[in-house]
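Below, each chain spelled out in residue letters.
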Amino acid sequence: PWTGAAGGMDPETKAFFRGLRDADPGNSTCIDCGTPSPQWATVSYGGYMCLTCSGVHRSLGVHLSFVRSVTMDTWNERQMKKMKVGGNGPLRQFFQEQGIPEDMPIPQKYNTKAAEYYRELIKAKAEGLELPAPPAPGAGAEQSDLYSSQSRAANNDPAPIYGGAPAAPSYHNSG
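Each value, and the rule that gives it
- Residues numbered from 1 in each chain as written.
- Predicted model: local features only at pLDDT ≥ 70, side-chain atom pairs only at ≥ 80, totals over all residues.
- Heavy atoms only, no water.
- Helix = DSSP H or I, 4+ residues; strand = E, 2+ residues; numbered from the N terminus.
- Buried < 20%, exposed > 50% of the residue type's maximum accessible area, 1.4 Å probe, protein only.
- Contact = heavy atoms within 4.5 Å.
- Areas by Shrake-Rupley, 256 points an atom, 1.4 Å probe, with all protein chains shown as cover.
- Disulfide = S-S within 2.5 Å.
- Salt bridge = Lys/Arg side-chain N within 4 Å of Asp/Glu carboxyl O.

A. Up close: the overall build of the protein chain. Each helix and strand in the protein chain was counted, giving seven helices and three strands. Going from the N terminus to the C terminus, the protein chain shows its helices and strands as α-β-β-α-β-α-α-α-α-α. Taking all 175 residues of the protein chain together, 41% fall into the buried category. Across the protein chain, contacts joining residues at least 24 apart in sequence account for 58% of those joining residues at least 6 apart. By element, 55% of the accessible surface of the protein chain is carried by carbon and sulfur atoms, the whole surface being about 9,700 Å².

B. Focus on the state of the cysteines. Evaluated as defined, the whole model comprises zero disulfides. Just so you know, C33 is unpaired, no disulfide at all, and the nearest cysteine sulfur is the one on C50, 3.6 Å from it. Given a relative accessible area of 45%, C33 falls into the partly exposed group. Distance from the sulfur of C53, which forms no disulfide, to the nearest cysteine sulfur (C50) is 3.7 Å. For C53, a relative accessible area of 7% puts it in the buried group.

C. Examining the pattern of salt bridges more closely. Under the criterion given, the structure shown has four salt bridges. Across the pair D32 and K109 runs a salt bridge, and its minimum N-O distance is 3.2 Å. Linking D32 in the loop between α1 (11-23) and β1 (40-42) with K109 in helix α5 (residues 106-109), this pair joins segments that are 77 residues apart in sequence. We classify K109 as buried; its relative accessible area is 4%. The salt bridge partner of K81 is E77, with a shortest N-O separation of 3.7 Å. On the criterion of helical spacing, the pair formed by K81 and E77 is a turn pair, its members being four residues apart in helix α3 (residues 77-85).

D. Quick peek at unusual backbone geometry. At S37, a residue that is not glycine, the phi angle is positive and equals roughly 55 degrees. Structurally, S37 is set in the loop between α1 and β1. The class for S37 is exposed, based on a relative accessible area of 53%.

That's the geometry; what it means functionally is another story.
This is the structure:
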């Protein structure tokens, strides 16, 4: 079912989110700070969050956390499947198992190898694809390669971002 912000969310989608909240009591609090009654979701992880934490997630970029309102935004079937296979309870448990501290700042937490794996896991479950291999034991809290690559690019480091040859040198006329 599709919903539209103009007329509010349709009753079926409202019931869908109400059912997910009731099925996992963890969905009744923000995944990152514990604030009650979260009104936002990270589709990438199938988790629910408060307005404040949703702003931090949005700042990470859609490649790390795609954020939607569970009361106002339009939802497509694929996004709803990700929410159905996710949930705050499983996400919290996974982070604990991977040694991700609950108080780890959001930008670091969602840029770990564990978070990268979990995004792929949610996608695979929702789309019926082969499940990805989990991170090596003890490696979950390490920064993901994607984050490290983007950090290098942001700092103008010529290291390759997605493999391949290093960036070509720039030839500036110095005199």
